Amino acid sequence: MDAIPSHKSFDNVKAQNVGGAANHVAPDCAGQNFYAIDRGLRDLLQLYLEPNDFRRLQPHFDRLGVLAGGRLDELARVADKHPPVLNARDRFGRDEDWIDYHWSYREMEQIAFGDFQFHAMSHRPGTLGMDRPLPAVAKYALQYLFVQAEFGLMCPISVTDTSIHLVRKFASAELKDYLLPKMLSGEIATMWKGTQFMTERAGGSDVGALETTARCEDGEWRLYGDKWFCSHADADVALLLARPEGAAAGTRGLALFALPRRLKDGRRNAYRIVRLKDKLGTRSMASGEILLEGAVAYLVGDAERGLKQMMEQVNLSRLSHGVRAAAMMRRCVNEALVCARSRVAFGKTIIEYPLLRRQLLKIIVPTEQALSMFLFTADAMDRANAGSRQAESLLRILTALVKFRACRDNIPVATGAMEVRGGNGYIEEWVHARLIRDAHVGVLWEGTSNINALDIVTRAVGKSRAHRTLEVELTKLLDRATPIPAAFRDRLRLALDRTLVFAERVAAEPALEESARQVASSLYHIASAILMMWEAAQPGADARRALYARFVLEHRLTAQDPLQPRYGEWEREAAEFVFSERQVLLAEIAGLLS
Ligand SMILES: Cc1cc2nc3c(=O)[nH]c(=O)nc-3n(C[C@H](O)[C@H](O)[C@H](O)COP(=O)(O)OP(=O)(O)OC[C@H]3O[C@@H](n4cnc5c(N)ncnc54)[C@H](O)[C@@H]3O)c2cc1C
């Protein structure tokens, strides 16, 4: 193993940050604590976590913040340049494929599965010293910190977590006894990691077109087919959809199966990883194509409710994708600010230029929206898990909104941050190229933007009426945020009313389908604006979040004339507060909220 000792890696980190005035090259964020520098995250965690939980978990947030800005970031950089390699056969000619991973990826796995035990933290006590499973808010906050350094591995981590959820919820007692002790283990050498294979050549979006068949042979299920996109291709157990012979066509005939990589006697199960994909991003992680050649699988839950059951995993993944987008955007903000405060052009640091401030705001505001939205969604998940039907309905629509909009915003934010760094941002030694490459997959997996938007309009709004639950929750926040000037809250309330009417109209009229994305975006924008306004009203909070709310209101929810200047005088004043490095008080900015 060509492991580079850790002290050598850190020498590199320090060397990178000798940039600045001395040699004109702006530094990057290497060596920073990504938790300590994230005021928004720290404030919001105190808002959503029980004080005891926050106290117990804070050292872990802090430790992961240090790792994400240090060792993990260094490992991620190396792993990105050494993608996994598939070995189709061994030297004896046996088709027993395996994948070689670089040592840097293995060390990241040890941090994720061994040290933090991300996969198990929602399912059993004992992770991070907690005497019960972690709240969803804490789990997603930890994912958010981790992904600021490494995106690729979060797929295997999350999909192991969500596979455990499906097994716990739907599998028979016997199957649970077989799988769960292995999947919940924190011993990296022996644990079973999970994944999810759904997509085939015939369909990613059109799941009903799947062609994989399940045959019952000698009392056991065997699978035949070709899975076209299999991330974490060598996982120990995959949850997948297949059609039992004779079952109905379309989505109704799909059943959910658990496919182990090894059989109970230790032999390899009858499927092969045919090849790995050469991908734009997520390069540290292996995505492959898999041929099922009579592989043994176990039916999970009700054979006629396969897709419905699988959608629970999909929805959990969708929230994690929103969190990952938020995380990558945060990394972009951190990088852009560090650079803008240091780089000098025409005799001034570039952050002093109004046009560059505008560019930075376009990076910062979507990032803060995503942070507020994913924590609110995770909180809804915690309340839903505690039995609240209202929170379940809220979770339904929020998950879809976060996946849709945060993943879309991640792309221009990543490009914007690169541009702030100038030409260096385009060079692979810096993190920006990886951030740009990784950002794009968010609009593909677990549903493309169109599929996400249609889900929001037709199902979450049209069928479940979950937008009305959202309205109830947001109205409560508007009513409670009394320190915020009433005129601003009234403007937000009006925008909320108009958004809901628009959403209902589009949901009711099939001819308006082209507006589905517009509806999804508007719902996200108004929800995030009200959230940020409410967060700014909390005692001791940093009030700049209310300014972010106003930016969203003006630029995303208010008509604009393309032939008039878009930016008002208030924005220049607001930017002074946004870019100041101290806490902003509500009294100072109240005049900017009208
Ligand atoms: C790196 C990577 C890893 C992946 N890993 C996995 C994995 O582990 N497991 C897994 O199951 N899948 C995985 N996927 C597959 C991914 O989920 C699918 O690619 C995605 O769902 C889109 O499906 P598709 O590729 O078949 O595109 P299509 O469904 O053919 O879509 C093509 C285009 O048509 C549009 N479209 C389709 N239907 C409609 C409609 N009704 N209205 C409007 N527009 C529509 C889509 O929005 C899209 O723009 C992965 C993909 C990538 C890129």
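Residues numbered from 1 in each chain as written. Predicted model: local features only at pLDDT ≥ 70, side-chain atom pairs only at ≥ 80, totals over all residues. Heavy atoms only, no water.

S.K.: Which parts of the structure should I look at to understand the overall build of the protein?
M.R.: Looking only at helices and strands, the protein features 19 helices and 11 strands. The C-alpha radius of gyration computed for the protein amounts to 24 Å, which stays within 12% of the reference 25 Å derived for 594 residues, consistent with globular compactness. Dimensions of the protein, computed from C-alpha atoms along their principal axes, come out at roughly 75 × 60 × 50 Å. Excluding contacts between residues fewer than 6 apart, the proportion of contacts in the protein whose partners are at least 24 apart in sequence is 72%. For the protein, the exposed surface amounts to about 24,200 Å²; the carbon and sulfur share of it is 52%. With 78 positive and 74 negative side-chain charges, the protein shows a spacing of 1 Å between the two charge centroids. (Helix = DSSP H or I, 4+ residues; strand = E, 2+ residues; numbered from the N terminus. Rg over C-alpha atoms; globule rule 2.2 N^0.38 Å. Contact = heavy atoms within 4.5 Å. Areas by Shrake-Rupley, 256 points an atom, 1.4 Å probe, with all protein chains shown as cover. Lys, Arg positive; Asp, Glu negative; His and termini not counted. Charge placed at Lys NZ, Arg CZ, Asp CG, Glu CD.)

S.K.: Would you mind going over the site of the ligand with me for this structure?
M.R.: Contacts to the ligand come from 19 residues, most closely from Met 198, Thr 199, Ser 205, Ser 231 and Thr 448. Here an oxygen atom of the ligand sits 2.9 Å away from a polar atom, N or O, in the main chain of Gly 204. Contact distances for the ligand include 2.5 Å between an oxygen atom and a side-chain N or O atom of Thr 448. Isolated, the ligand exposes 970 Å² of accessible area, and the fraction of that covered by the protein chains is 65%. Of the residues that constitute the shell around the ligand, the class distribution is 9 nonpolar, 8 polar and 2 charged. (Near = heavy atom within 4 Å. Polar contact = N/O pair within 3.5 Å; in protein donor to acceptor, adjacent residues only side chain to side chain. Nonpolar A, V, L, I, M, F, W, Y, C, P; charged D, E, K, R; others polar.)

S.K.: Teacher, can you tell me more about the confidence of the model for the protein here?
M.R.: Where the model shows low pLDDT, its predicted coordinates should not be examined in detail. The share of residues in the protein with pLDDT of 70 or more is 96%, and the mean pLDDT across the chain is 95. Contacts for the low-pLDDT stretch residues 1-15, under 50 throughout, to residues beyond four places or in other chains number 17 contacts. (pLDDT = per-residue confidence, 0-100.)

S.K.: I tried to follow the packing of helix 14 (residues 466-480) against helix 16 (residues 516-536) on my own but got confused; where do I start?
M.R.: Each pair of packed helices can be summarised by the angle the axes make with each other and by the distance between the axes. Axis separation between helix 14 and helix 16 bottoms out at 9 Å; the angle between their running directions is 30°. When the axis of helix 14 is compared with that of helix 16, the two are roughly parallel. Where helix 14 crosses over helix 16, the two elements pack in a sense that is left-handed. Here helix 14 contributes Leu 470, Leu 474, Leu 477 and Leu 478 to the contact with helix 16, which in turn contributes Leu 523, Ala 527, Ile 530, Leu 531, Met 533 and Trp 534. Considering only residue class, the contact of helix 14 with helix 16 consists of 10 nonpolar, no polar and no charged. (Axes fitted to C-alpha atoms, helices over the stretch in contact; angles between N-to-C directions. Parallel < 35°, antiparallel > 145°, perpendicular 65-115°, else oblique. Left-handed = near helix turned anticlockwise from the far one by under 90°.)

S.K.: It is not clear to me how the environment of Glu 368 should be interpreted in this structure. Could you clarify?
M.R.: For Glu 368, the position within the fold is in helix 10 (residues 354-385). Look at Glu 368 and you get buried, because its relative accessible area is 6%. Spatially, the C-alpha atom of Glu 368 lies 26 Å from that of Asp 561, the residues being 193 residues apart in sequence. Look past the residues within four positions of Glu 368 in its chain and what remains in contact with it is Arg 330, Met 532, Arg 545 and Tyr 548. (Buried < 20%, exposed > 50% of the residue type's maximum accessible area, 1.4 Å probe, protein only.)

S.K.: What is the right way to read the pattern of salt bridges from this model?
M.R.: Any two side chains of opposite charge can pair, so long as their charged atoms come close to each other. All chains considered together, the criterion is met by 56 salt bridges. A salt bridge links Glu 576 to Arg 357; the nearest nitrogen and oxygen atoms lie 3.3 Å apart. One end of the pair, Glu 576, is in helix 18 (residues 569-579); the other, Arg 357, is in helix 10, and 219 residues separate them in sequence. Classification of Arg 357 by relative accessible area gives buried; the value is 15%. With its nearest N and O atoms 2.8 Å apart, the salt bridge here joins Glu 588 to Arg 582. We classify Glu 588 as partly exposed; its relative accessible area is 31%. Residue Arg 582 is classed as partly exposed on the basis of its relative accessible area of 42%. (Salt bridge = Lys/Arg side-chain N within 4 Å of Asp/Glu carboxyl O.)

S.K.: Got a minute to help me understand unusual backbone geometry in this structure?
M.R.: The phi torsion of most residues other than glycine is negative, and most of the peptide bonds are trans. Here Glu 446, not a glycine, exhibits a phi torsion of approximately 55°, which is positive. Judged by its relative accessible area of 13%, Glu 446 falls in the buried class. At Arg 465, a position not held by glycine, the phi torsion is positive, near 55°. On the secondary structure map, Arg 465 appears in the loop between helix 13 (449-463) and helix 14.

S.K.: Explain the packing of aromatic side chains here, please?
M.R.: The geometry of an aromatic ring pair comes down to the distance between the two centres and the angle between the two planes. Inspection of every chain in the model, using the stated rule, returns 11 aromatic pairs. A centroid spacing of 5.8 Å and a plane angle of 70° characterise the contact between Tyr 178 and Tyr 298, whose relative ring orientation is edge-to-face. Of this pair, Tyr 178 sits in helix 8 (residues 173-183) while Tyr 298 sits in strand 9 (residues 287-299), and the two are 120 residues apart along the sequence. Tyr 178 sits in the buried class, given a relative accessible area of 15%. Given the relative accessible area of 22%, Tyr 298 is considered partly exposed. (Phe/Tyr/Trp six-rings, centres within 6.5 Å; stacked < 30°, edge-to-face > 60°.)

S.K.: Please clarify how the side chain of Arg 437 should be interpreted in this entry.
M.R.: Among the structural elements, Arg 437 can be located in helix 12 (residues 432-439). At a separation of 3.0 Å, a polar atom in the side chain of Arg 437 contacts the side chain of Asp 80. In this structure Arg 437 touches Asp 80, Lys 81, Leu 280, Gly 281, Arg 283 and Glu 428, once residues within four positions along its chain are discounted.

S.K.: Any chance you could explain the pairing of strand 3 (residues 194-197) here in plain terms?
M.R.: Consecutive residues of a regular strand have side chains that alternate between opposite faces of the sheet. What you see with strand 3 is no split at all: Gly 194 and Gln 196 on one side and Thr 195 and Phe 197 on the other are buried throughout. Of the pairings in the sheet, the one linking strand 3 to strand 6 (residues 237-244) comprises 4 bridges and is parallel in character. For Gly 194, the partnering residue across the bridge sits in strand 6 and is Val 237. (Pairing = 2+ DSSP bridges.)

S.K.: Help me understand the environment of Val 338, please; the structure alone is not making it clear to me.
M.R.: Along the polypeptide, Val 338 turns up in helix 9 (residues 306-340). Taking the C-alpha atoms as reference, Val 338 lies 9.5 Å from Arg 421; in sequence the two are 83 residues apart. Among all residues touching Val 338, those that are not within four sequence positions of it are Pro 27, Asp 28, Cys 29 and Gln 32.

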